[in-house]
Amino acid sequence: QSKSIPGSSGYTEISINEGVIENKGLEFTVEALPVKAGAFEWGINGNISFNRNKLVRINETDDTKEIYVAPGEKIDAVYFFGDELGSSTYFNCPANVFITGYPMGLFYGYKSDGIIQEGQQGVPTSEGGTGRGPGYLNYVDVDGNGYLSSADKTIIGDPNPDFTYGFGTTISYKNISLNAHFDGSYGNEIANLNAAYLGCSNENSNIWRDAYYKAWTPQNPDTIYPALGKISGWEQSLCSFFIEDASYLRFASLSINYTWQVKNSVIKTVDFGAAVRNICVLTGYRGFDPEVNSYGTNVKKMGCDFGSYPKARSFSFDVKVSF
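Just so we're clear, the structure is a prediction, and the values are computed from it rather than from any experiment.

J.: Give a detailed account of the nonpolar core, specifying residues and quantitative values.
T.: Within the largest apolar cluster, 31 residues are counted, with the highest numbers of intra-cluster contacts made by Phe91, Leu238, Phe241, Phe242 and Cys304. For this core, the secondary structure elements donating two or more residues are β11 (137-139) and α1 (195-198). Listed in part, the 10 residues of the second largest apolar core include Val69, Ala77, Tyr79 and Val97.

Here's what the structure looks like:
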């Protein structure tokens, strides 16, 4: 937010942050040693975190404006949109909206209610126009004026998780120990922007296997994928077709360590270790990795996967000598 200041300072305005964000949460951690028998030990640990954020104020001077937060539900609020996702053919629009009284970075776009079936016609894409035919994605006429326009955008998802968690276990016997760790999140959503060109066929590019073999046909009406070749400019804007559940459980790491006690030597111990990280992930997300953000730390582009490289699996071996 820019504020005017006296010109005698050498400047006519200054940028200040008048925004207020509220965060409330709880975190629980547990550690236990269920088994300890001689040289054998088995330990477990875990944590779970709950956080709820809310945009309390953007600035002190903005007026409220109308905005749809759900089909048929319009409110007056102070809000602003995030940064545009890119300048390519796809998604020349922001993905996120920031509304006072609501969580940060909610996904904002067109709501799709499935595939247009045989004998049906979609909502017209312009005033006085005709709707699209079978095989296309259909969109909800949120403002009820009988055709689609930018006024039909609404909240279509939330990138903020209900909770995040992690747990692990350690087993040790004499000089050898084994450690495993898992982590995950639940309830957050991700904008899988890759689905614009991998989940919808434009007849001249590769698509997902499922999008090809499970594409809509009159014989296969119960599918989430539009018919092959049924894509237009509407599929290049953010809609609920791209919003997916990003909940996951990741087998984050597995390591083993052996300590060799050296006798009658200047060397006291030699530790041999081996580890593998990012072993596997359980998720319903269609992309490569639900724990990505294509735009890094830019909070105006939250929870988007647009060609992000997934976490790599890594292997390591180490030797540590103590004198």
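Next comes the rest of the description.
J.: Residue-level account of the sheet that holds strand β16 (residues 243-245), with values.
T.: Think of a sheet as strands paired side by side through backbone hydrogen bonds, with each pair either parallel or antiparallel. Spatially, β16-β15-β19 is the arrangement adopted by the 3 strands of the open sheet, whose pairing is mixed. What marks the edges here is a single partner per strand, and that holds for β16 and β19 (304-305). As paired strands, strand β15 (residues 189-192) and β19 are joined by 2 bridges and run parallel to one another. Paired with asparagine 192 across the two strands is aspartate 305, which belongs to β19.

J.: Now, about the pattern of salt bridges: what can you tell me, with residues and values included?
T.: In this structure the tally under the stated criterion is 8 salt bridges. Across the pair aspartate 210 and lysine 214 runs a salt bridge whose closest N-O atoms are separated by 3.6 Å. For aspartate 210, a relative accessible area of 34% puts it in the partly exposed group. Exposure remark for lysine 214: the relative accessible area of 43% places this residue in the partly exposed category. Here aspartate 289 ties to arginine 250 by a salt bridge, and the two come within 2.8 Å at their closest N and O atoms. In this pair, aspartate 289 sits in the loop between β18 (269-283) and β19 while arginine 250 sits in strand β17 (residues 248-261), placing the two residues 39 residues apart along the sequence. Judged by relative accessible area, which is 3%, aspartate 289 ranks as buried. A single network of salt bridges, built from pairs that share partners, joins Arg250, Asp289, Glu291 and Lys311.

J.: Break down the sheet that holds strand β12 (residues 154-157) for me, citing the residues and quoting the values.
T.: Read from one edge of the open sheet, 4 strands run β7-β8-β9-β12, paired in antiparallel fashion. At either margin of the open sheet sits one strand with a lone partner, and together these are β7 (79-81) and β12. Looking at each pair of strands side by side, their axes are set apart by 45 degrees on average, direction ignored. With 3 bridges connecting them, strand β9 (residues 106-109) and β12 associate as antiparallel partners. Across the sheet, residue tyrosine 108 finds its bridge partner in β12, namely isoleucine 155.

J.: Account for the state of the cysteines, naming residues and giving values.
T.: Throughout the structure, instances matching the rule amount to 0 disulfides. This cysteine, cysteine 93, is not joined by any disulfide, and cysteine 304 carries the nearest cysteine sulfur, 9.4 Å off. We classify cysteine 93 as buried; its relative accessible area is 8%.

J.: Can you break down the confidence of the model for the protein residue by residue, with the values?
T.: For the protein, per-residue confidence averages 89 on the pLDDT scale, and residues scoring 70 or more make up 96% of the total. The least confident element of the protein is strand β1 (residues 2-4), whose mean pLDDT is 72; the most confident is strand β14 (residues 176-186), at 97.

J.: Can you lay out the side chain of asparagine 188 for me, pointing to particular residues and giving the numbers?
T.: Its place among the elements puts asparagine 188 in the loop between β14 and β15. A distance of 2.9 Å separates the side chain of asparagine 188 from the side chain of serine 185, its partner in a polar contact. Asparagine 188 has contacts with Asp158, Pro159, Asn160, Pro161, Asp162, Glu244, Asp245, Ala246 and Ser247, leaving out every residue within four places of it along the chain.

Criteria and thresholds
Residues numbered from 1 in each chain as written. Predicted model: local features only at pLDDT ≥ 70, side-chain atom pairs only at ≥ 80, totals over all residues. Heavy atoms only, no water. Core = buried A, V, L, I, M, F, W, Y, C linked by side-chain atoms within 4.5 Å. Buried < 20%, exposed > 50% of the residue type's maximum accessible area, 1.4 Å probe, protein only. Helix = DSSP H or I, 4+ residues; strand = E, 2+ residues; numbered from the N terminus. Pairing = 2+ DSSP bridges. Salt bridge = Lys/Arg side-chain N within 4 Å of Asp/Glu carboxyl O. Axes fitted to C-alpha atoms, helices over the stretch in contact; angles between N-to-C directions. Disulfide = S-S within 2.5 Å. pLDDT = per-residue confidence, 0-100. Polar contact = N/O pair within 3.5 Å; in protein donor to acceptor, adjacent residues only side chain to side chain. Contact = heavy atoms within 4.5 Å.

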